[in-house]
Amino acid sequence: MNCKDKQEKPLQAYYLPQINFPFQYVVDNLKEMGIEYQPVNIAISLLKPLQKNVDFDKVMDFANTLEPDDKNYKPIFISEKNHILDGHHRVAGIKYKFGENAKVRAIKLINCDDKDGFSRLRIIQDRYEREYKNK
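About the cut-offs
- Residues numbered from 1 in each chain as written.
- Predicted model: local features only at pLDDT ≥ 70, side-chain atom pairs only at ≥ 80, totals over all residues.
- Heavy atoms only, no water.
- 1 Å grid on protein atoms, 1.4 Å probe; cavity = no way out; pocket = protein on both sides within 12 Å on 5 of 7 lines; lining within 4 Å.
- Points joined across faces, edges and corners; volume = space filled by probe spheres on them.
- Helix = DSSP H or I, 4+ residues; strand = E, 2+ residues; numbered from the N terminus.
- Nonpolar A, V, L, I, M, F, W, Y, C, P; charged D, E, K, R; others polar.
- Buried < 20%, exposed > 50% of the residue type's maximum accessible area, 1.4 Å probe, protein only.
- Lys, Arg positive; Asp, Glu negative; His and termini not counted.
- Salt bridge = Lys/Arg side-chain N within 4 Å of Asp/Glu carboxyl O.
- Polar contact = N/O pair within 3.5 Å; in protein donor to acceptor, adjacent residues only side chain to side chain.
- Contact = heavy atoms within 4.5 Å.
- Axes fitted to C-alpha atoms, helices over the stretch in contact; angles between N-to-C directions.
- Parallel < 35°, antiparallel > 145°, perpendicular 65-115°, else oblique.
- Left-handed = near helix turned anticlockwise from the far one by under 90°.

Q: Could you give an account of the layout of surface pockets, naming the residues involved and the relevant values?
A: In this structure, the largest pocket encloses a volume near 370 Å³. Lining the largest pocket are 16 residues, and of these Q18, I19, D86, H89 and R90 lie nearest its centre. Those elements that provide at least two residues to the lining of the largest pocket are α2 (56-63), β4 (83-86) and α3 (88-98). Per element, the largest residue contribution to the lining of the largest pocket is 3 residues, and it comes from α3. Here the residues of the lining of the largest pocket are counted per class, giving 6 nonpolar, 6 polar and 4 charged. Approximately 240 Å³ is the volume found for the second largest pocket. Take the lining of the second largest pocket: its biggest share by element is 4 residues, from α3. Across the lining of the second largest pocket, the residue classes break down as 7 nonpolar, 4 polar and 3 charged.

Q: Describe the side chain of K108, with residues and values.
A: As for its placement among the helices and strands, K108 is situated in strand β5 (residues 103-109). No salt bridge is formed by the buried K108, whose closest oppositely charged neighbour, E80, lies at an N-O distance of 8.3 Å. At a separation of 2.9 Å, a polar atom in the side chain of K108 contacts the side chain of N82. Residues within four places of K108 in sequence aside, it is in contact with E36, Y37, Q38, V40, I78, S79, E80 and N82.

Q: Tell me what's going on with the packing of α2 against α3, and back it up with residues and numbers.
A: Between α2 and α3, whose axes approach to 8 Å, the crossing angle comes to 60°. Relative to α3, the element α2 is oriented oblique. Note that α2 runs across α3; the crossing there is right-handed. Contacts between α2 and α3 involve K58, V59, M60, F62 and A63 on the former and, on the latter, H89, R90, A92, G93, I94, Y96 and K97. Here the contact of α2 with α3 is composed, by residue class, of 7 nonpolar, 2 polar and 3 charged.

Spelled out as structure tokens, the structure:
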């Protein structure tokens, strides 16, 4: 199974996921959906943002927490063609602090274009919000 197999709900291209919940939850759901993924370190210059604008305050808040070779931040999620599906502010913060040749930790969704990838991540986000919203 891959991203292009039948989806649980139609693509919703008008909003990107905001993965602000436990990383393990995302990974477990990707596995459950049969979505292959691969951890990668990728140069920021190779990434293609889908979000046109970022909140400068969020970028600066993140950049101010970074140290050289910091690996404590959550990885971003990217499509098979290196489109950023989630993590635009993290990428902008790393780029601001270390330049466009800096590398970022990412989870690449295999066989997922940008629309399929962010649709799957939105499904996972919606599941999380339904399961934990009232807890």
